[in-house]
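Here is how the chains run, residue by residue.
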Amino acid sequence: MPEKVKVGIAGLGRSGWNIHANILDKLRDKYEVVAVTDPLEDRRREAVERFECKAYPSYESFLEDREVELVVVATPSYLHPEHSIKALKAGKNVVCEKPMAPSLAKADAMIEAAKRTGKMLTVFQNSLFMPDFLKIKEVINSGKLGRIVMVKIYGHFFGRRWDWQTLKKFGGGELRNNGVHYIIQGLDLIGDKDPEVFCDLQRTLTLGDAEDHVKIIMKAPDAPLIDIEVTRACAYPQNKWLIMATRGGLTGTYNSLRWKYFNPEDLPPRKVETKPTPDRSYNVEEIPWKEESWTTSKGFETSGIIFYEKLYEALRRGEPPPVLPEKVRKVMEIVEKCYKQCNI
């Protein structure tokens, strides 16, 4: 068994503590948290008690720890480029929380720093490994649904929000906070193409100055139309998934999916007719549907575990990173197009 990866976590807030620390705690056979940094002393103390690790009040002193091999950058969004680049220059591999950066130029600077230093940079876009998304790709790749015409991905909520992630100056807003998860899923379904983008951004209920209502449509040749909504202003939430296709369709949520399809050979032959229909009726026929369903109790944490298991294989066995930074660059390109379209 290869040696454990020695990890340092930068930022012990919602993502650093509730997501990354919890996941790494479950993967102690592969990872060892040896250091943390956070400006709040009580958070540092809590981490020391949990992991028996070193704790640093400043990011700079944290990076000087030679034992740290991998840095998890879970600091506020606007600091992701600065902290990732500093870690790469200090000879550390980096997992950067989403969003990768507040701008495309800063994302490019991060990628350039990784190339220049020869260290690994990956971004925690774990939605690529969510159980529902993996199942949807399996169903699509089976060909049962035929040609995929449209994919709707909805993140509907209703409620105010008033924390730092509602402020532009901190890189906040629903587009960067949650939209990037849906964008990378949509891009993955489109494939290796550069889509046209339509976007509408609004601020509705949040108390900050950043957007909390996002509508994105992505269109590329010979690819399904991707329709994304992420909003805090939907009092009647719709299912996360709705897929329309030429032989059937799919709908569902994070933990429950159902789809139906038919075999074209089971339909009687038809041809276009111009004669009047009987009783002035419309064309109607019975479709011999086949229906399937899927449920899971697994969720967000499962996707993170898959991410870190793949990262371990990359660090210890030379496999590709779980998420290439160039793939996330395309997400940041979509984000930038949206802000430019909406003059934000």
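Our subject is the structure listed above.
As the structure is a computational prediction, the values presented were derived from the model and not from experiment.

Participant: Could you clarify how one ought to interpret the overall build of the protein chain in this entry?
Facilitator: Within the protein chain, the secondary structure is distributed over 9 helices and 14 strands. Counting only C-alpha atoms, the protein chain reaches 80 × 50 × 35 Å along its principal axes. The proportion of buried residues among the 344 residues of the protein chain is 50%. Partitioning the contacts of the protein chain with sequence separation of at least 6, the portion at a separation of at least 24 is 72%. Carbon and sulfur atoms provide 49% of the accessible area of the protein chain, an area that totals close to 17300 Å². Of the charged side chains in the protein chain, 53 are positive and 49 negative, and the gap between their average positions amounts to 2 Å.

Participant: Help me understand the nonpolar core in this model?
Facilitator: As a rule of thumb, nonpolar side chains are buried together in soluble globular proteins. In terms of nonpolar packing, the biggest core is built from 100 residues, with Tyr31, Ile216 and Tyr308 touching the most fellow members. At 8 residues, helix H7 (residues 174–190) tops the list of elements feeding residues into this core. Not counting residues up to four positions away in its chain, the partners in contact with Tyr308 are His20, Ile23, Leu24, Leu27, Tyr31, Val72, Val95 and Phe124.

Participant: Looking at this model, I keep getting lost on the state of the cysteines. Mind explaining?
Facilitator: Where two cysteines share a covalent bond between their sulfur atoms, that bond is called a disulfide. Applying the stated criterion across every chain, the model contains 0 disulfides. The structure places no disulfide on Cys234, whose sulfur is separated from the nearest cysteine sulfur, that of Cys199, by 17 Å. Under the relative-accessibility criterion, Cys234 is labelled buried at 15%.

Participant: Looking at this structure, I do not really get the environment of Pro320. What am I missing?
Facilitator: Relative to the elements of secondary structure, Pro320 occurs in the loop between helix H8 (300–317) and helix H9 (325–341). Along the sequence, Pro320 and Met120 sit 200 residues apart, while their C-alpha atoms lie 9.7 Å from each other. Once you skip the residues sitting within four places of it in the chain, Pro320 turns out to touch Lys310 and Ala314.

Participant: Explain the side chain of Lys92 to me, please; I cannot follow it from the model alone.
Facilitator: Note on placement: Lys92 falls in the loop between helix H4 (80–89) and strand E5 (93–96). The side chain of Lys92 is buried and forms no salt bridge, while Asp65, the nearest opposite charge, is found at 5.9 Å. A polar side-chain atom of Lys92 sits 3.0 Å from the main-chain carbonyl oxygen of Val68. Here Lys92 is in contact with Leu63, Asp65, Arg66, Val68, Glu69, Val71, Ala87 and Lys119, once residues within four sequence places are set aside.

Participant: What exactly am I supposed to notice about the environment of Ile243 here?
Facilitator: Within the secondary structure, Ile243 sits in strand E11 (residues 241–245). Between the alpha carbons of Ile243 and Trp259 there is a distance of 8.9 Å; along the sequence they are 16 residues apart. Apart from residues lying up to four places away in sequence, Ile243 is in contact with Ile136, Ile140, Leu145, Ile148, Met150, Val151, Gly248, Gly249 and Leu250.

Participant: Please clarify how a nonpolar patch on the surface should be interpreted in this entry.
Facilitator: Among the surface-exposed residues, Val149, Leu242 and Met244 lie close enough to one another that they form a single nonpolar patch of about 210 Å² accessible area. Relative to the elements of secondary structure, Val149 occurs in strand E7 (residues 148–156). Residue classification places Val149 among the partly exposed positions, given a relative accessible area of 36%.

Participant: So what exactly am I meant to see when it comes to the packing of aromatic side chains here?
Facilitator: Any aromatic ring pair is given by two values, namely how distant the centres are and how the planes are angled relative to each other. A complete count under the given rule lists 13 aromatic pairs for this structure. Taken together, the aromatic side chains of Tyr31, Phe124, Phe129, Phe307, Tyr308 and Tyr312 make up a single cluster linked through ring pairs. In this structure, Lys30 is placed above the aromatic ring of Tyr312, and the distance from its NZ or CZ to the ring centre is 5.9 Å. One cation-aromatic arrangement involves Arg50 over Trp17; the distance from NZ or CZ to the ring centre is 4.8 Å.

Reading guide: rules and limits
- Starting afresh in each chain, residues are numbered from 1 along the sequence in its written order.
- Local features in this predicted model are restricted to residues of pLDDT 70 or higher, and side-chain atom pairs are both shown and tallied only at a pLDDT of 80 or more, whereas totals for entire chains, interfaces and linings draw on every residue.
- Hydrogens and water are ignored here; the side-chain numbers use all heavy atoms of the structure.
- Counting from the N terminus, the helices are the DSSP runs of H or I reaching at least four residues and the strands are the DSSP runs of E reaching at least two.
- Each residue is placed in one exposure class: buried if its accessible area under a 1.4 Å probe, protein chains only, is under 20% of its type's maximum, exposed if it is over 50%, and partly exposed if it falls in between.
- By the convention used here, residues are in contact when the closest approach between their heavy atoms is within 4.5 Å.
- Shrake-Rupley sampling with a 1.4 Å probe provides the accessible areas, and residues are treated as covered by the protein chains on show and by no other component.
- Counting rule applied: Lys, Arg positive; Asp, Glu negative; His and chain ends not counted.
- Charge coordinates come from a single atom per side chain, which is NZ of Lys, CZ of Arg, CG of Asp or CD of Glu.
- We define a nonpolar core as any set of buried Ala, Val, Leu, Ile, Met, Phe, Trp, Tyr and Cys residues linked to one another through side-chain atoms lying within 4.5 Å.
- We call a pair of cysteine sulfur atoms a disulfide when they lie within 2.5 Å.
- Every case where a carboxyl oxygen of Asp or Glu lies within 4 Å of a side-chain nitrogen of Lys or Arg is listed as a salt bridge.
- Polar contact is defined as a pair of N or O atoms within 3.5 Å, subject to the rule that within protein one atom must be able to donate a hydrogen and the other to accept it, and that residues adjacent in sequence are counted only when both atoms are side-chain atoms.
- Think of a patch as exposed residues, more than 30% relative accessible area, with no salt bridge, where like charges cluster within 9 Å and nonpolar side chains (Val, Leu, Ile, Met, Phe, Trp, Tyr) cluster within 5 Å.
- Only centres within 6.5 Å qualify two rings of Phe, Tyr or Trp (six-membered ring in Trp) as a pair; their planes then separate them into stacked at under 30 degrees, edge-to-face at over 60, and tilted for everything else.
- By the criterion adopted, a ring carries a charge over it if an Arg CZ or a Lys NZ lies within 6 Å of its centre and within 35 degrees of its normal.

The values reported here are purely geometric and, on their own, carry no functional implication.
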